[in-house]
Amino acid sequence: MTKTLTITLPDALEQALAQTAAQANQSTEELIVKLLTQNLIPETEEQPDPLMALFGSISSDVPDAADRHDYYIGKAIYDEMHSDE
């Protein structure tokens, strides 16, 4: 369901919005909806985590890296901090 909303914008904001929309090759309406969605609606499947694009992009010989990544990061930090001992 959609709803039409009428708002009054200061001239400077309208100009900035129009310029930004033109640079993005979008209508001002598309840009407003995008900005409102990004700022007001929690992440959903429609708005996936941007890091999800990286999932599966790295190969490793560590079979449990996905489950134990915190352990491996902590171990690397610990090893680095104690490398001079």
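Model, not experiment: these values are computed from the prediction.

(A) Spotlight on the packing of helix α1 (residues 11–23) against helix α2 (residues 28–40). Packing of α1 against α2 brings their axes to within 9 Å, and their N-to-C directions diverge by 95 degrees. For the element pair α1 / α2, the angle class is roughly perpendicular. Judged by residue contacts, Leu-17, Ala-18, Thr-20 and Ala-21 of α1 engage Thr-28, Leu-31 and Ile-32 from α2. Of the residues in the contact of α1 with α2, the class split is 5 nonpolar, 2 polar and no charged.

(B) Up close: the packing of aromatic side chains. The final tally for this structure, using the stated rule, is 1 aromatic pair. One cation-aromatic arrangement involves Arg-68 over Tyr-71; the distance from NZ or CZ to the ring centre is 4.3 Å.

(C) Inspection of unusual backbone geometry at higher detail. A positive phi is found at Asn-25, a non-glycine position, where the angle reads about 55 degrees. Here Asn-25 lies in the loop between α1 and α2. A residue is classified by how much of its surface remains accessible, and Asn-25, at 71% relative accessible area, is exposed.

(D) Geometry of the confidence of the model for the protein. With 93% of its residues at a pLDDT of 70 or more, the protein shows a mean pLDDT of 85. Per-element confidence in the protein is highest for α1, whose mean pLDDT is 93, and lowest for α2, whose mean pLDDT is 88.

(E) Quick peek at the pattern of salt bridges. According to the stated counting rule, one finds 2 salt bridges in the structure shown. Asp-64 is the partner of Arg-68 in a salt bridge, and the nearest nitrogen-oxygen pair spans 3.4 Å. For Arg-68, a relative accessible area of 36% corresponds to the partly exposed category. In this structure, Lys-75 and Asp-79 form a salt bridge, with 2.9 Å as the shortest nitrogen-oxygen distance. Residue Lys-75 and its partner Asp-79 are located together in helix α3 (residues 65–81), separated by 4 residues, close to a single helical turn.

Quick notes on the rules
- Residues numbered from 1 in each chain as written.
- Predicted model: local features only at pLDDT ≥ 70, side-chain atom pairs only at ≥ 80, totals over all residues.
- Heavy atoms only, no water.
- Axes fitted to C-alpha atoms, helices over the stretch in contact; angles between N-to-C directions.
- Helix = DSSP H or I, 4+ residues; strand = E, 2+ residues; numbered from the N terminus.
- Parallel < 35°, antiparallel > 145°, perpendicular 65-115°, else oblique.
- Contact = heavy atoms within 4.5 Å.
- Nonpolar A, V, L, I, M, F, W, Y, C, P; charged D, E, K, R; others polar.
- Phe/Tyr/Trp six-rings, centres within 6.5 Å; stacked < 30°, edge-to-face > 60°.
- Lys NZ or Arg CZ within 6 Å of the ring centre and 35° of its normal.
- Buried < 20%, exposed > 50% of the residue type's maximum accessible area, 1.4 Å probe, protein only.
- pLDDT = per-residue confidence, 0-100.
- Salt bridge = Lys/Arg side-chain N within 4 Å of Asp/Glu carboxyl O.

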